[in-house]
Amino acid sequence: MESLKFDLSDGGVRPLNQYLHGPAAGLEGKHITVANPDGAHNIAVGMNAPVKVTVEGHAGYFAAGMNKLADVTIEGSAGTGVAENMMSGKVHVKGFASNSAGASAHGGLLVIDGDAGLRCGISLKGGDIVVGGSVGSFSGFMAQAGRMVICGNAGDALGDSLYEAVIYVKGAIKSLGADAQIEPLGDADITALTALLSAAGLQHDPRDFKRVASARSLYHWNADANQEY
Amino acid sequence: MCGIVGLLLKKPALRERLGELMVPMLIGMTERGPDSAGLAVFTEALPAGMRKISVYSGLTEDGAGYDWVALVDALNAELKVQAKARIKGNHAVLTFEGAADPVKAFVKAYGPKLHLLSAGRSIELYKDIGTPGEVAARYDFGKLAGSHLVGHTRMATESAVTPDRAHPFTAGEDFCLVHNGSLSNPNGVRRMLEPRGIKFETDNDTEAACRFLEWRLREGDDLHTALQKGFEALDGFYTFLMGTSTELALIRDPFACKPAVVAETDDYVAIASEFRSLAHLPGVKHATVFEPAPEEMYVWKA
C-alpha cells in the first residue's frame, strides 16, 4: 500500500484536503497519514475514494464529515460532528468524541472507542454507530434509520422522537425520550449486534443489550392528545 | 461564539512562565473571538492589609497617555494609602494599603471616565478590543507571572464591541468570570439583584452571571453551592470559567451547547474551548485530555 504523510504543522489542512479531493482513481488503495493534527477542523472531510487515512492525534470539528468510501482512523479524540453526514466507509475514533458524533449519517460505520458527547447519532439516516463507552443526553434524537450500539450508559432523553432507527444499550439509560421504548431482543437483533460489535472490534455479549425503538405513537397527529404526550 | 482559556500551574517553579505558556492558547482562539480579548491573572496574594485594583483609562480623552502618576499623587495626598502604580499604557495596577472601596470611590470621583476592572489581593485584569494577538502584544501578556489565569476571546453577540464589555467580568474581590454562550434571562437576573444594592456597569449578559455568582459567594455560599444556584437561576447557553484567588472553576449548561476541553499533566491544568489552543503545551501529547460533562462542577485548586 502506497503511503503518504501530511504534516499539518506545516501548511495546515488545506493541502491535505485538496489532495484527498483529487480524482478517486488516483487515490485508490493509498494510505495517508496526518501528523500533528492538533485539533484542526475539517480534517479529511468530503472523502470520495477508497483510501485509508490515519490521523495521529486529536482532531477538531467535523473530522471525516461527509465521508464516502474512505477508512479514517483518528488516534486521539474528535471534536464536534465527527463523521457527520457520512455516506459510506468507516470512521474509527480511538479516544472520545464530542457532541453530535455521526449526526445525520446516511451510511457507513462510525466506531468510537471512548465516550461520545451529547446528541450522538442525532437525525441518523441509515448509518451505524458503535460507541465503546457512554453517550450523552439526547442521543439518537429523531433518528430515522440505521443502528446505534452503546456499550456503556446513555444520558437523558435517549431516542427522543425516534423513527425507524434502533438503539442498543448495554449499560444504564438515564431516561428515554418521548416515544422511545425498550423492546425485547429478537434473533435479528442478536445477529445485528454480533456483526456490529465484531466490525467495531469490541468484545461484548449481544444478549446483555437492551433494544430501544420507537413506539410510533408520534407518527400520526392526534387531535385528542391535548398537547399531552 | 467566543473562546475561553484557562491555565493553572501546579508547580511554583513554573509560575514565571504563566504568560508565555498562555499567549499561544489565547491566540489559538482567535477564530472564535476576533473582536476583543482579555485575561485575569492571579498572582501571589498581597498581605492581608493591602489591596490592588486594575484600572482602564482607554475611555478617557488621554487614553494610553493618561497621567497615572498624577492620579497616584492625588490619591496618596488624599487618602494616604502609599499607592504605587504599574503602568501598561491605558491599564494600570494600583497597589495600596487598606481597603479597596475608599480607593475605588476616589478613583471614580477623580476620573469619572476611568473604568475599574478588578479589585483584590491577587487579581490583575487586562481587557481591550482588538485581536487576541494584538491585545496580548499591547499588554505584554507573555511576561505575566502567577499561579493561574482566566482568558477570553470575544465574538460579540449580546452587546456592543467595547473594552468594558470584553471579558473577564469581575465582581467583589478576587473573582472573575468569562463566558462562551448567551444567556436568555440576564435582565431577570438584574431585576432580582439591583434591589439588593448590586450595581451593574454594562448591559452585557455575562455581567449578570458574574454578579449573581459573586453575590452568592458573598452571602456565604461556598463555590459549589453558588454554582448549583447558578444552574437554577441562569438560563441559556454557557460555558463559564471562573477564577478566585485559589481556584479555577468550570461549568457547562445542561445542553452542552458550548464547548470545553481540559488537558491535565503533573505540571498544569489547561482549559480551552477547543484542543487547538492546548496543542502547543509542553507534554500535552501525554496529558489526560477530557471533555467536561454538562451540569458538572469542575474546580481546580491552585
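Rules and cut-offs
- Residues numbered from 1 in each chain as written.
- Chains lettered and ligands numbered in written order.
- Predicted model: local features only at pLDDT ≥ 70, side-chain atom pairs only at ≥ 80, totals over all residues.
- Helix = DSSP H or I, 4+ residues; strand = E, 2+ residues; numbered from the N terminus.
- Rg over C-alpha atoms; globule rule 2.2 N^0.38 Å.
- Buried ≥ 20, exposed ≤ 12 C-beta atoms within 10 Å, placed from the backbone.
- Core = buried A, V, L, I, M, F, W, Y, C linked by C-beta atoms within 7 Å.
- Contact = placed C-beta atoms within 7 Å.
- pLDDT = per-residue confidence, 0-100.
- Axes fitted to C-alpha atoms, helices over the stretch in contact; angles between N-to-C directions.
- Parallel < 35°, antiparallel > 145°, perpendicular 65-115°, else oblique.
- Left-handed = near helix turned anticlockwise from the far one by under 90°.
- Pairing = 2+ DSSP bridges.
- Nonpolar A, V, L, I, M, F, W, Y, C, P; charged D, E, K, R; others polar.

1. Things to note about the overall build of chain A
Working step 1: If you tally the helices and strands in chain A, you get 3 helices and 11 strands.
Working step 2: In chain A, the succession of helices and strands from N to C terminus is β-α-α-β-β-β-β-β-β-β-β-β-α-β.
Working step 3: Relative to the globule expectation of 17 Å for 229 residues, the C-alpha radius of gyration of chain A, 18 Å, shows essentially globular dimensions.
Working step 4: Overall size of chain A, expressed as C-alpha extent along the three principal axes, is 60 × 35 × 30 Å.
Working step 5: With 229 residues in all, chain A has 51% of them scored as buried.

2. A few points about the nonpolar core
Working step 1: Among the nonpolar cores identified, the biggest contains 89 residues, and Leu7(B), Met22(B), Leu26(B) and Ala270(B) are the most heavily contacted of them.
Working step 2: At 7 residues, the largest contribution of residues to this core is made by helix α1 (residues 18–28) of chain B.
Working step 3: Leu26(B) has contacts with Val5(B), Ala37(B), Leu39(B), Pro132(B), Ala136(B), Phe141(B), Gly151(B) and Thr153(B), leaving out every residue within four places of it along the chain.
Working step 4: If you look at the next biggest cluster of nonpolar residues, it comprises 71 residues, including Ile43(A), Val53(A), Val82(A) and Val91(A).

3. Details of the environment of Met50(B)
Residues and elements named next belong to chain B.
Working step 1: Examined against the element boundaries, Met50 turns out to sit in strand β3 (residues 50–56).
Working step 2: Considering only alpha carbons, one finds Met50 and Val81, 31 residues apart in sequence, at a separation of 9.3 Å.
Working step 3: The contact partners of Met50, leaving out residues within four places of it in the chain, are Thr95, Phe96, Glu97 and Arg121.

4. Remarks on the confidence of the model for chain B
Working step 1: Considering every residue of chain B, the mean pLDDT works out to 96; 100% of them sit at 70 or more.
Working step 2: Interface scoring of the predicted complex returns ipTM 0.93; its pTM is 0.95.

5. Points about the packing of helix α6 (residues 205–218) of chain B against helix α7 (residues 223–233) of chain B
Residues and elements named next belong to chain B.
Working step 1: Between α6 and α7, the shortest axis-to-axis distance is 9 Å and the interhelical angle comes to 140 degrees. Accordingly, the angle class assigned to the pair α6 and α7 is oblique. Once α6 is placed against α7, the crossing between them reads as right-handed. On α7, the residues that touch Phe212, Leu213, Arg216 and Leu217 of α6 are Leu223, Ala226, Lys229, Gly230 and Ala233.

6. Things to note about the pairing of strand β10 (residues 175–183) of chain B
All names here are of chain B.
Working step 1: Taking burial as the measure, the 9 residues of β10 include 8 buried ones, the bulk of the element.
Working step 2: Summarising the sheet, strand β9 (residues 169–170) and β10 pair through 2 bridges and their orientation is antiparallel. Each residue of the ladder has a partner; that of Thr170, found in β10, is Cys176.
Working step 3: Adjacent in sequence and paired antiparallel, β9 and β10 are bridged by 4 residues, among which Gly172 carries a positive phi angle near 60 degrees.

7. Notes on the interface of chain A and chain B
A common measure of how large an interface is: the accessible area buried when the components associate.
Working step 1: Between chain A and chain B, the contact holds 14 residues from the first and 10 residues from the second.
Working step 2: Residue composition of the side of chain A that touches chain B, by class: 3 nonpolar, 10 polar and 1 charged.

8. Things to note about the sheet that holds strand β16 (residues 298–301) of chain B
Residues and elements named next belong to chain B.
Working step 1: The strand order across the open sheet formed by 5 strands is β9-β10-β11-β12-β16, and the pairing between neighbours is antiparallel. Of all the strands in the sheet, just β9 and β16 have a single pairing partner and so form its edges.
Working step 2: In the sheet, strand β12 (residues 247–252) pairs with β16 via 4 bridges, with the strands oriented antiparallel. Bridge assignment links Leu250 to a residue of β16, and that residue is Tyr298.

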